[in-house]
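Fold and contact review
Read off the chains here:
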Amino acid sequence: MSEDLPLAHPDFPHPTEPGQLFFLQRSMNANTIVYTATYDDDGNLTQSAPVSVFWRRYADAGQIMQLRWYERIFGFGVRTHTHDTPTSKSLAFNALKSHKIELRQLAPFEAALFTEQDGREYQLIYGYLDVDESGLLPKVTQLHLYSTDPQTGRYVTHTIAVSGGAFKE
């Protein structure tokens, strides 16, 4: 726990997109995957596609680029499932399906992602992937999730090890 948000890679910019829920960076370069909430005209989460995912290409000119189909399907895309209330949805990252995440609307035009670790709830801020680029294809070795503890307001880092392409939680 810390009072300041830990910086996985201090040289990489942190995005500040409208409706931003979460972002994901990789040790390979500064290009960042950004997850934003989508709202209807009244500020409620859209029911059909409440989360938008795209690249912020900081290693280039900082432009926005849509995910390629294989990045969306096998890696960085998300799936949502409606709960009993329109202000809360279960969400899963395609590459980390077993990790339970909840998309929660906090106010009009305001939402956040929450996850449970060791029996406690945390609000997700960003993730960082350690990537081994020594082989033909890059391989993720660790995922670091940076969050806040809603009870204390302090920042908490959770590390998930990856072995043989599978996350070990």
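Heads up: the structure comes first, above all this text.
Residues numbered from 1 in each chain as written. Predicted model: local features only at pLDDT ≥ 70, side-chain atom pairs only at ≥ 80, totals over all residues. Heavy atoms only, no water.

1. Topic: the overall build of the chain
- Along its length, the chain carries one helix and twelve strands.
- For the chain, the C-alpha radius of gyration of 16 Å lies close to 15 Å, the compact-globule estimate for 169 residues.
- The dimensions of the chain, computed from C-alpha atoms along their principal axes, are 50 × 35 × 30 Å.
- Looking at the chain as a whole, 41% of its 169 residues qualify as buried.
- Sequence separation of 24 or more characterises 39% of the internal contacts of the chain that already satisfy a separation of 6 or more.
- If you average the places of the 14 positive and of the 20 negative side-chain charges in the chain, the two averages end up 8 Å apart. (Helix = DSSP H or I, 4+ residues; strand = E, 2+ residues; numbered from the N terminus. Rg over C-alpha atoms; globule rule 2.2 N^0.38 Å. Buried < 20%, exposed > 50% of the residue type's maximum accessible area, 1.4 Å probe, protein only. Contact = heavy atoms within 4.5 Å. Lys, Arg positive; Asp, Glu negative; His and termini not counted. Charge placed at Lys NZ, Arg CZ, Asp CG, Glu CD.)

2. Brief notes about the nonpolar core
- Of all hydrophobic cores here, the largest spans 26 residues; its most connected members are Phe-22, Tyr-35 and Leu-113.
- At the level of secondary structure, the elements contributing two or more residues to this core comprise strand 1 (20-26), strand 2 (29-37), strand 3 (51-57), strand 6 (88-93), strand 7 (96-107), strand 8 (110-117), strand 9 (120-132) and strand 10 (139-148).
- Setting aside residues up to four positions removed in sequence, Phe-22 forms contacts with Ile-33, Val-34, Tyr-35, Phe-93, Leu-113, Leu-124, Ile-125, Tyr-126, Gly-127 and Leu-145.
- Counting eight residues, the second-largest nonpolar core is a separate cluster that includes Ala-30, Phe-54, Tyr-128 and Tyr-146. (Core = buried A, V, L, I, M, F, W, Y, C linked by side-chain atoms within 4.5 Å.)

3. Comments concerning unusual backbone geometry
- Even without a glycine there, the phi angle at Phe-109 is positive, about 60 degrees.
- Its place among the elements puts Phe-109 in the loop between strand 7 and strand 8.
- Of note in this structure, Asp-118 is not a glycine but carries a positive phi near 50 degrees.
- Relative to the helices and strands, Asp-118 resides in the loop between strand 8 and strand 9.

4. Concerning the side chain of Thr-32
- Along the chain, Thr-32 turns up in strand 2.
- Judged by relative accessible area, Thr-32 falls into the buried class, the value being 0%.
- A distance of 3.2 Å separates a polar atom in the side chain of Thr-32 from a polar atom in the side chain of Gln-25.
- A polar contact is formed between the side chain of Thr-32 and the backbone oxygen of Ala-30, at a distance of 2.9 Å.
- Those residues in contact with Thr-32 that lie beyond four places of it in its chain are Pro-13, Pro-15, Phe-23, Leu-24, Gln-25, Phe-54, Trp-55, Arg-56 and Tyr-58. (Polar contact = N/O pair within 3.5 Å; in protein donor to acceptor, adjacent residues only side chain to side chain.)

5. Structural notes on the environment of Glu-17
- Position of Glu-17 relative to the elements: it lies in the segment before strand 1.
- Residues Glu-17 and Tyr-35, spaced 18 residues apart in sequence, show a C-alpha to C-alpha distance of 8.9 Å.
- Leave out the neighbours within four places in its chain, and Glu-17 touches Val-34, Thr-36, Phe-54, Arg-56 and Ile-64.
- In terms of polar contacts, Glu-17 uses its side chain to reach the side chain of Arg-56, at 2.7 Å.

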